[in-house]
Amino acid sequence: MSKTATDTTLEAAARLRMAIVRTARRLRQEGAAGGGMDLTPTSASALATIERHGPLTPSELADIERVRRPTATRVLRVLLEAGLVDRTPDPADGRSSLVSINAGGRERLRRLRGRKNAYLARRMRDLPDSDLRTLERAAEILEGILEGPRRADSAEPPRRPKPAEPRRRPKPGGPR
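Throughout, a residue's number is its position along its own chain's written sequence, starting from 1. Given that this is a predicted model, residues contribute local features only at a pLDDT of at least 70 and side-chain atom pairs are listed and counted only at 80 or more, while totals for whole chains, interfaces and linings are drawn from all residues. The side-chain numbers reported here are obtained from all heavy atoms of the structure, hydrogens and water having been left aside.

Our next topic: a nonpolar patch on the surface. Like-charged residues are merged into a patch within 9 Å and nonpolar side chains (Val, Leu, Ile, Met, Phe, Trp, Tyr) within 5 Å, provided each residue has over 30% relative accessible area and no salt bridge. Using a 1.4 Å probe, the Shrake-Rupley method yields the accessible areas, and only the shown protein chains count as cover for residues. Throughout this description, the term salt bridge denotes a Lys or Arg side-chain nitrogen within 4 Å of a carboxyl oxygen of Asp or Glu. A contiguous nonpolar patch, built from Ile141, Ile145 and Leu146 and spanning about 300 Å² of accessible area, is present on the exposed surface. Position of Ile141 among the secondary structure elements: in helix H6 (residues 129–147). Note on classification: 1.4 Å probe, protein chains only; a residue is buried when its accessible area is under 20% of the maximum for its type, exposed when over 50%, partly exposed between these limits. Exposure remark for Ile141: the relative accessible area of 31% places this residue in the partly exposed category. What counts as a helix is a DSSP run of H or I of at least four residues, what counts as a strand is a run of E of at least two, and both are numbered from the N terminus.

Looking now at the environment of Thr42. Turning to its location among the elements, Thr42 is positioned in helix H2 (residues 41–53). What makes Thr42 partly exposed here is its relative accessible area of 41%. Distance in space between the C-alpha atoms of Thr42 and Val67 is 9.8 Å, their sequence separation being 25 residues.

This paragraph deals with the pairing of strand E2 (residues 93–101). Across 6 bridges, the pairing between strand E1 (residues 85–90) and E2 is antiparallel. Note that in E2 the partner of Pro89 across the bridge is Ser97. Two strands pair under a simple rule: DSSP has to find at least two bridges between them. A loop of 2 residues connects E1 with E2, the two strands running antiparallel in sequence.

Under the 1.5 Å per step criterion, the end-to-end length of helix H1 (residues 5–32) is 40 Å for 28 residues, consistent within 8% with the ideal 40 Å. Residues Leu27, Glu30 and Gly31 constitute the buried set of H1. On the buried face of H1, the contacting elements are helix H5 (103–124). The span expected for a helix works out to 1.5 Å for each residue beyond the first. Should any heavy atoms of two residues lie within 4.5 Å, those residues are counted as being in contact.

The definition of a nonpolar core used throughout is a set of buried Ala, Val, Leu, Ile, Met, Phe, Trp, Tyr and Cys residues joined through side-chain atoms within 4.5 Å. Counting residues in each nonpolar core, the largest one holds 19 residues, and the members touching the most others are Leu39, Leu47, Ile50, Leu61, Leu76, Leu79 and Val85. Those elements that provide at least two residues to this core are H2, helix H3 (58–65), helix H4 (69–81), E2 and H5. Apart from residues lying up to four places away in sequence, Leu47 is in contact with Leu39, Leu79, Leu84, Val85, Ile101, Gly105 and Leu109.

Predicted coordinates in areas of low pLDDT are best not read in detail. Within the protein, residue pLDDT values average 84, and 80% of them lie at 70 or more. Residue-level confidence of the predictor is summarised by pLDDT, bounded by 0 at the bottom and 100 at the top. Contacts of residues 150–172 to residues separated by more than four positions or lying in other chains number 36 contacts, the stretch itself having pLDDT below 50.

Quick look at the pattern of salt bridges now. Counting across every chain of the model gives 7 salt bridges. Among the salt bridges present, the one from Glu11 reaches Lys3, with a minimum N-O distance of 2.7 Å. Measuring nitrogen to oxygen at the nearest pair gives 3.6 Å for the salt bridge that ties Glu30 to Arg122. Remark: Arg122 occurs in helix H5 and Glu30 occurs in helix H1; sequence separation between them is 92 residues. Take Glu30: its relative accessible area is 10%, and that puts it in the buried class.

Moving on: H3. Buried within H3 are the following residues: Pro58, Leu61 and Ala62. Seen from one end, H3 has its buried residues packed into an arc of 100°, which puts them on one side. For H3, the secondary structure elements touched by its buried residues are H2, H4 and E2. Arg66 sits one or two residues past H3 and shows a positive phi near 60°. The arc in question is the one spanned by the directions pointing from the helix axis to the C-beta atoms.

Close contact between H3 and H4 brings their axes to 8 Å; oriented N to C, the two are set at 110°. Classified by the interaxial angle, the pair formed by H3 and H4 is roughly perpendicular. Listed contacts from H4 to Pro58, Ser59, Leu61 and Ala62 of H3 are Arg69, Ala72 and Leu76. Under the grouping applied here, Gly and all other residues not named as nonpolar or charged are polar, the nonpolar ones being Ala, Val, Leu, Ile, Met, Phe, Trp, Tyr, Cys and Pro and the charged ones Asp, Glu, Lys and Arg. Its residues assigned to classes, the contact of H3 with H4 shows 5 nonpolar, 1 polar and 1 charged. Axis angles are defined between N-to-C directions and span 0 to 180 degrees, where every axis is a line fitted to C-alpha atoms and, for a helix, only to the segment in contact. Orientation categories follow fixed angle ranges, with anything under 35 degrees roughly parallel, anything over 145 roughly antiparallel, 65 to 115 roughly perpendicular, and all other angles oblique.

What follows is the structure, encoded as structure tokens:
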């Protein structure tokens, strides 16, 4: 019995998923091995999200991270106690707060990313140029897949997210 295109795609997806899972696990281990980098994967992800999209309310963080609000609140407490983020009152809602990354949080992310990048660079160091180009193209394809419904194999290069702009919240009672 011959394989269909769907069978081939499913097999490729399964193999790719396992490679991604194993790579992600190894990168987490590398990050954790860096003494003083005692952030859980959830905390590190939240910190990176705050860096990329902040300042954020706890509810906005929960939505972006796809966790429940109590989970986001617990993670924020850890980040605040570690001195990696700052909390200020939300000018649009006095009952809420805005959380933004501070210099300590940026430095922690820089070190964490540096360890992970160094690990990958060491593993890639002896690859032939053709394999390096293949990995670069694979990264572009994966970024395209993760961006959403757009076809990853189109001629258009993957769009990069815009840098986060400072939040401008309307004053309570002001025009919307």
